[in-house]
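These are the residues of each chain, in order.
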Amino acid sequence: MAVAQQISETNPWHTAQHQFDEAADMLKLDPGLRVILREVQREFTCHFPVQMDDGSVRCYTGYRVQHNINRGPAKGGLRFHPDVSLDEVKALAMWMTWKCAVVNIPYGGAKGGVIVDPRKLSPSELEHLTRRFATEISILVGPDRDIPAPDVGTNAQVMAWFMDTISMHKGYSVPATVTGKPVEVGGSLGRTDATGRGVMICTLAALEHLGLKPFGAKVVVQGFGNVGSVSARLLEEAGCTVIAVSEDYGGIYNPHGLPIRKLIEHRAREGTLKDFPGIEVISNDDLLRLECDVLVPAALENQITSRNAGEIRAKLIVEGANGPTTPGGDEILHRRKIFLVPDILANAGGVTVSYFEWVQDLQSFFWSEHEINQRLETIMQRSFREVLAIMKEKQVDLRLAAYLLAVRRVSEATAERGIYP
Ligand code: NAD
């Protein structure tokens, strides 16, 4: 007898399946395609030891999930965070499939993660953990199979260790095995800024759609890591006024605008935004409720839910993070006519430049930063226009429009390839 699934608003996998179901219903998707796409293709769990600096041994749990590889090799980041779970990684893998399809790059979707707080490890412990995890998932990854990238808690250095480990196993360098690497070892110019640049491009396009000007538009950014800090900096350069930013312990606020470049320098130096002189401290809950033109959630999932969506006072939300809004939150925002650019479109700049990095590595021929930013802009603008056109034609919100485009592309590829054997 089938056991009814207990649906939780804050379980990202339930959110991902709910979003897929909405699109599948509207597309009247063939039932066979529906059962394939509603589940992940492969999920891998490992428990592995790491020797700490004091000689003790700890066991960590890690995952790599591939949702769908019908449009190309699997692609998706690696997350090091204490709250990583298999359901979260499955959701993130599914979202990667749709994201690659929305911007029409030839990849499937994957994601990986380790349950760990990397801030509590020394550099050598972090390196050992990365190298051992790379070894555990090496049976899945490779330039033509599955290509990881940075996500929450990982960075270019972690990617360099990952690439070096896989290369050591092979006996020769395989730079295309992972993206988001330092430029010196085959990384791409523009990759560090790429996700935030895509967020900025989508924000400006959405402001234009709403008839609002970027100059002086008040922006609030939740999360000040790679995506949040770059989004804030580029939006400031585009003429916006960033009035609040935050990290996991809370945020800072100045109604007249924050000096973003100085904040980035302060955070690089001190490892935190705390103690920056002359600013007002604000909780993450209050930050989300600030009156502003643009809210960029750029931290983690489940930030805008049925609990607080009624209190959001932004005109536009641009999802830098993956899954920051739950279906309950979405419903309320839609009813309140708050325009939302969904994650699978808004933060697709990262995977787009990761794709450029992979292409450059495979050819050993590298492009200028100008060329990369131009190509990124072309892809983001085109994708935004395509999704907006579907929104208008089908009279749906932008998230469902992006899903209709993505699920159609992936289901066509899946149907054309057929069911093996
Ligand atoms: P990061 O580790 O560089 O930064 C995460 C930031 O979020 C940190 O500043 C952290 O303090 C903050 N944070 C964590 N929990 C918070 C909370 N509850 N409230 C406020 N701030 C909180 O990670 P990142 O790479 O910037 O990723 C952020 C989000 O963007 C994630 O959802 C990730 O999946 C998504 N994303 C990242 C990329 C990429 O290229 N790095 C691409 C697409 C999407």
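Conventions and cut-offs
- Residues numbered from 1 in each chain as written.
- Predicted model: local features only at pLDDT ≥ 70, side-chain atom pairs only at ≥ 80, totals over all residues.
- Heavy atoms only, no water.
- Domains from an automatic or database assignment.
- Contact = heavy atoms within 4.5 Å.
- Buried area = accessible area lost by both parts, 1.4 Å probe.
- Salt bridge = Lys/Arg side-chain N within 4 Å of Asp/Glu carboxyl O.
- Polar contact = N/O pair within 3.5 Å; in protein donor to acceptor, adjacent residues only side chain to side chain.
- Helix = DSSP H or I, 4+ residues; strand = E, 2+ residues; numbered from the N terminus.

### Some remarks on the domain arrangement of the chain
Here is step 1 of the chain: In terms of domain boundaries, the chain breaks down into domain 1 (40-184) and domain 2 (188-421).
Here is step 2 of the chain: For domain 1 versus domain 2, the distance between C-alpha centres works out to 23 Å.
Here is step 3 of the chain: Across the contact, 38 residues belong to domain 1 and 38 residues belong to domain 2.
Here is step 4 of the chain: With both chains or domains summed, domain 1 and domain 2 bury close to 3,000 Å², and 63% of this area falls on carbon and sulfur atoms.
Here is step 5 of the chain: The largest contributions to the domain 1 side of the interface with domain 2 come from Trp98, Lys99 and Val102, which together make up 22% of the buried area.
Here is step 6 of the chain: Our count for the contact surface shared by domain 1 and domain 2 stands at 4 salt bridges.
Here is step 7 of the chain: Asp248 is the salt-bridge partner of Arg119, the closest N and O atoms lying 2.8 Å from each other.
Here is step 8 of the chain: There are 15 residue pairs in polar contact (both at pLDDT 80 or more) connecting domain 1 and domain 2.
Here is step 9 of the chain: Of all the elements in the fold, those that place two or more residues in the side of domain 1 that touches domain 2 are strand E3 (74-81), helix H3 (86-102) and strand E5 (146-150).
Here is step 10 of the chain: Tallying contributions element by element places H3 first for the side of domain 1 that touches domain 2, with 10 residues.

### Quick word on unusual backbone geometry
Here is step 1 of the chain: Omega for the bond connecting Tyr420 with Pro421 falls within 30 degrees of zero, at 5 degrees, which places this linkage in the cis form.
Here is step 2 of the chain: Here Pro421 lies in the segment after helix H14 (398-417).
Here is step 3 of the chain: Phi is positive for Gln395, which is not a glycine, with a value near 55 degrees.
Here is step 4 of the chain: Summarising the element assignment, Gln395 is placed in the loop between helix H13 (369-394) and H14.

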